[in-house]
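# Geometric and topological summary
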Amino acid sequence: MSPERHSPEGHVTDPGEAAPEEGRTHWRRSLAVAVPALLAAGGLGTAMASGALAVGLKIQDRPVDFTTSSLYGTQYGAAVVDQAVVRPDGSAGTVRVLRMGFADGVINGLCLSQKQQIGGATYTLMLVLGDDDPGSWEIRTKNTVLDLKNATGVLDMDGIVDLNTNGADVKTVKDSSGAYVDNPLNSPQHRFGIQARYAKFDRITGTAQDFQLPGLLTTPKLKLSVKPGSVACPAPPAPTGTPGTP
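I will try to describe carefully the structure that is included in this document. Nothing here was measured: the structure is a model prediction, and the numbers come from that model.

Rules of the game
Each chain carries its own residue numbering, running from 1 in the written order of its sequence. Thresholds applied to this predicted model are a pLDDT of at least 70 for local features of residues and 80 or more for the giving and counting of side-chain atom pairs; totals over whole chains, interfaces and linings are not thresholded and use all residues. Where side-chain values are given, they derive from all heavy atoms of the structure, hydrogens and water being excluded. Only protein atoms enter the 1 Å grid used here, on which a cavity is any set of points holding a 1.4 Å probe that cannot leave and a pocket is any open set flanked by protein within 12 Å on both sides along at least five of seven lines; residues with an atom within 4 Å of a point are listed as lining. Grid points are joined across faces, edges and corners, and a volume is the space filled by probe spheres set on the points. We count a stretch as a helix when DSSP gives it H or I for four or more residues in a row; a strand needs E for two or more, and each element gets its number in order from the N terminus. Just so you know the grouping, Ala, Val, Leu, Ile, Met, Phe, Trp, Tyr, Cys and Pro go in nonpolar, Asp, Glu, Lys and Arg go in charged, and all remaining residues, Gly too, go in polar. What we call a nonpolar core is a set of buried Ala, Val, Leu, Ile, Met, Phe, Trp, Tyr and Cys residues that are connected through their side-chain atoms within 4.5 Å. Any residue under 20% of the maximum accessible area for its type is buried, any over 50% is exposed, and the rest in between are partly exposed; the area is computed with a 1.4 Å probe on protein chains only. Criterion used throughout: strands pair if DSSP finds at least two bridges between them.

### Examining the layout of surface pockets
The space that makes up the largest pocket amounts to roughly 340 Å³. Among the elements of the structure, β6 (64–86), β8 (110–118) and β9 (121–129) are those that each provide at least two residues to the lining of the largest pocket. For the lining of the largest pocket, the class distribution of residues is ten nonpolar, six polar and four charged.

### Things to note about the nonpolar core
By size, the foremost hydrophobic cluster in this structure holds 32 residues, and its most contacted members are Phe66, Tyr76, Met100, Leu110, Leu112, Met157 and Phe211. Put simply, the parts of the chain that give this core at least two residues each are β6, β7 (92–107), β8, β9, β10 (139–166) and β11 (192–213). Top element by residues in this core is β11. It accounts for eight residues.

### A word on the pairing of β9
Along a regular strand, successive side chains alternate from one face of the sheet to the other. One ladder, built from nine bridges, connects β8 with β9; its direction is antiparallel. Pairing of Gln116 across the sheet is with Tyr123, part of β9. From the end of β8 to the start of β9, which pair antiparallel, there are two residues, and Gly119 there has a positive phi angle of about 60°. In this sheet, strand β13 (residues 222–228) lies alongside β9 in antiparallel orientation, the contact comprising seven bridges.

Listed below in structure tokens is the structure:
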């Protein structure tokens, strides 16, 4: 990494891919698996083989709360975008989010929780990935995309770092010819943007409007549970050590 470092306390409020090599990342490609509600249990359970979930994971039908000890990746980009949503009355609308993407990433434990209404009662679908070691960064992903409604944590960026770039000018992905992909985050003009060669986001607690971990997602352990009432993911522990190379 470059010795040039920026370490702001990251706090995203409601404003608004990992590839094995540069030049082969498509941040918003179609995904293999959707997890809209409790039907996720059977599919995810049978998808586990030899410690790897060899499919993509996409949670998009409604916001999902999440926590993680640390998320580290290369070719990091972020920009404000308008995410399409369906309102409770069935009408279409948009919500402004901060879209974050990593071309190649590792995650140090991850908990996702989403509330569901079943027969008039509230239940929480909770998905926990990874081991209990805060220094292992055991989950590996490619082309990770998060549309954040809000999040708190500590963000470190390194390499060549650009802040307050025009959202549509955020260029962190190259095509097979070595040229930058035009507007990989699909952000409109005159919006806030960030890009960095490396980024590490620690102790994240937040809510994502859209959560995409495309295949291949690998994790040594996965636990899916349904809990009565409204249950939050536990507070993320501070990471220890340094992440391995994605």
